[in-house]
Amino acid sequence: MPVTEPASFQVRVCAPIDEVWRALIDPGALRTWFSEHAEVDLPSRYEFWGRYTPDGEVPRQRLLLAEDNVLRFAWTVDDTETVVELKLAEDGDGTSLSYSQTGLPDFAALMADTDSPLGMMHTFWALAVANLVDHVEGRPITARCDLTSPVMREEVRIDAARPEVYRSITDPAEFTRWFGARIEAEMRVGGRWAMGSLEMDPDPAKIVDLVPDERMTLAYEEGIVTSWELEDSGGGTKLTFVQSGFAGEKPPYGSWMGWLSGLAELRRFHEVDMWLPIWVDVHLDGMPEGLITLEGK
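The rules we used
- Residues numbered from 1 in each chain as written.
- Predicted model: local features only at pLDDT ≥ 70, side-chain atom pairs only at ≥ 80, totals over all residues.
- Heavy atoms only, no water.
- Pairing = 2+ DSSP bridges.
- Helix = DSSP H or I, 4+ residues; strand = E, 2+ residues; numbered from the N terminus.
- Phe/Tyr/Trp six-rings, centres within 6.5 Å; stacked < 30°, edge-to-face > 60°.
- Buried < 20%, exposed > 50% of the residue type's maximum accessible area, 1.4 Å probe, protein only.
- 1 Å grid on protein atoms, 1.4 Å probe; cavity = no way out; pocket = protein on both sides within 12 Å on 5 of 7 lines; lining within 4 Å.
- Points joined across faces, edges and corners; volume = space filled by probe spheres on them.
- Nonpolar A, V, L, I, M, F, W, Y, C, P; charged D, E, K, R; others polar.
- Axes fitted to C-alpha atoms, helices over the stretch in contact; angles between N-to-C directions.
- Contact = heavy atoms within 4.5 Å.

Visitor: Could you give an account of the pairing of strand β15 (residues 225-233), naming the residues involved and the relevant values?
Guide: Pairing geometry for strand β14 (residues 215-219) and β15, over five bridges, is antiparallel. The partner of A219 across the bridge, within β15, is V225. In sequence, β14 turns back onto β15 through a hairpin of five residues, with G223 there showing a positive phi of about 105°. Relative to strand β16 (residues 236-244), β15 runs antiparallel, the two being bridged by nine bridges. Among the inter-strand pairings, S233 is bridged to a residue of β16, identified as G236. Counting the residues in the hairpin turn of β15 and β16 gives two residues, including G234, whose phi is positive at 55°.

Visitor: Describe the packing of aromatic side chains, with residues and values.
Guide: Counting across every chain of the model gives 26 aromatic pairs. For the ring pair F9 and W279, a centre distance of 5.1 Å and an interplane angle of 90° mean the geometry is edge-to-face. Placement of F9 in strand β2 (residues 7-13) and of W279 in strand β17 (residues 279-283) is noted, with a sequence separation of 270 residues between them. Each member of the pair, F9 as well as W279, carries the same accessibility label: buried.

Visitor: Outline the layout of surface pockets, supporting the account with residue identities and numerical values.
Guide: When its volume is computed, the second largest pocket comes out at roughly 240 Å³. Together, 14 residues line the second largest pocket, and T53, D55, G56, E57 and L147 are the ones closest to its centre. Among the residues making up the lining of the second largest pocket, the classes are represented as five nonpolar, four polar and five charged.

Visitor: Run through the sheet that holds strand β10 (residues 153-158), naming residues and quoting values.
Guide: Spatial ordering of the open sheet is given by β10-β16-β15-β14-β13-β12-β11, a layout of seven strands whose pairing is antiparallel. Looking along the sheet, the strands with just one partner apiece sit at the ends: β10 and β11 (183-185). Going across the sheet, the axis of each strand differs from the next one's by a mean of 20°, ignoring polarity. Sheet topology places β11 next to strand β12 (residues 192-195); three bridges connect them, and they run antiparallel. For A185, the partnering residue across the bridge sits in β12 and is W193. Sheet contacts for helix α6 (residues 172-179): β11, β12 and β15; angle to β11, the most-contacted strand, approximately 155°.

So, to be careful, I would describe these as geometric facts and stop short of saying anything about function.
Written out as structure tokens, the structure is:
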């Protein structure tokens, strides 16, 4: 399988470097924002596993380094050894976090099999880091993906009025701002919806339901349906996000984690004063910079 050396991204975190480091190495914190199970005994042991971890029936990590704000470990995924590095640096009053991982499929291979344990690494880490940012900045995490559940349904409360949230998921320019990838759409029932551009997408989704300030539903050619439903909730909005219609017993966990990482940024978009995206730089071989979230096909 072709690999890229390495996949990487950098994010900004509005928290002191010591707090971010503690969240990376404290097993209690890890069980809050990252994995179902975690055991850490530095400098010899760093393990995580469980239903939120790809190939996570048992721990498969081997610690290589944990000092000077650099965490590096080997992680055998689907019988392939990868090496993950998480590196922190002070960035003004906050922290810059850099992630890299060697041994992953290149973008072409990724798109051919986004839901193998290796193929979902890109969106797994996108969601994990989004939850880390929420955790250290003092907000509840958005969601974790249960890789043992066939149900893809998440409820997220957003501290913004329902019309504002509706606009951010139906206005292509506003959607593009928080999602991190260009969206083009014909905003009407029967209209087309595409990530990238309508001209370049041979099989765009179709908008099959659209009720102002209440809901939007997309249907894809292969039968997957993605829907957003909005309700008032304590002065804010409850967003229910659902993906269904996938074939077979194996849900598309890779793209689902991409969507969930996008929802985390949607919350920040509405709730953080002077919002900036957490993503500073992204590199996946063959993938445009700035795109970490995969389309829910």
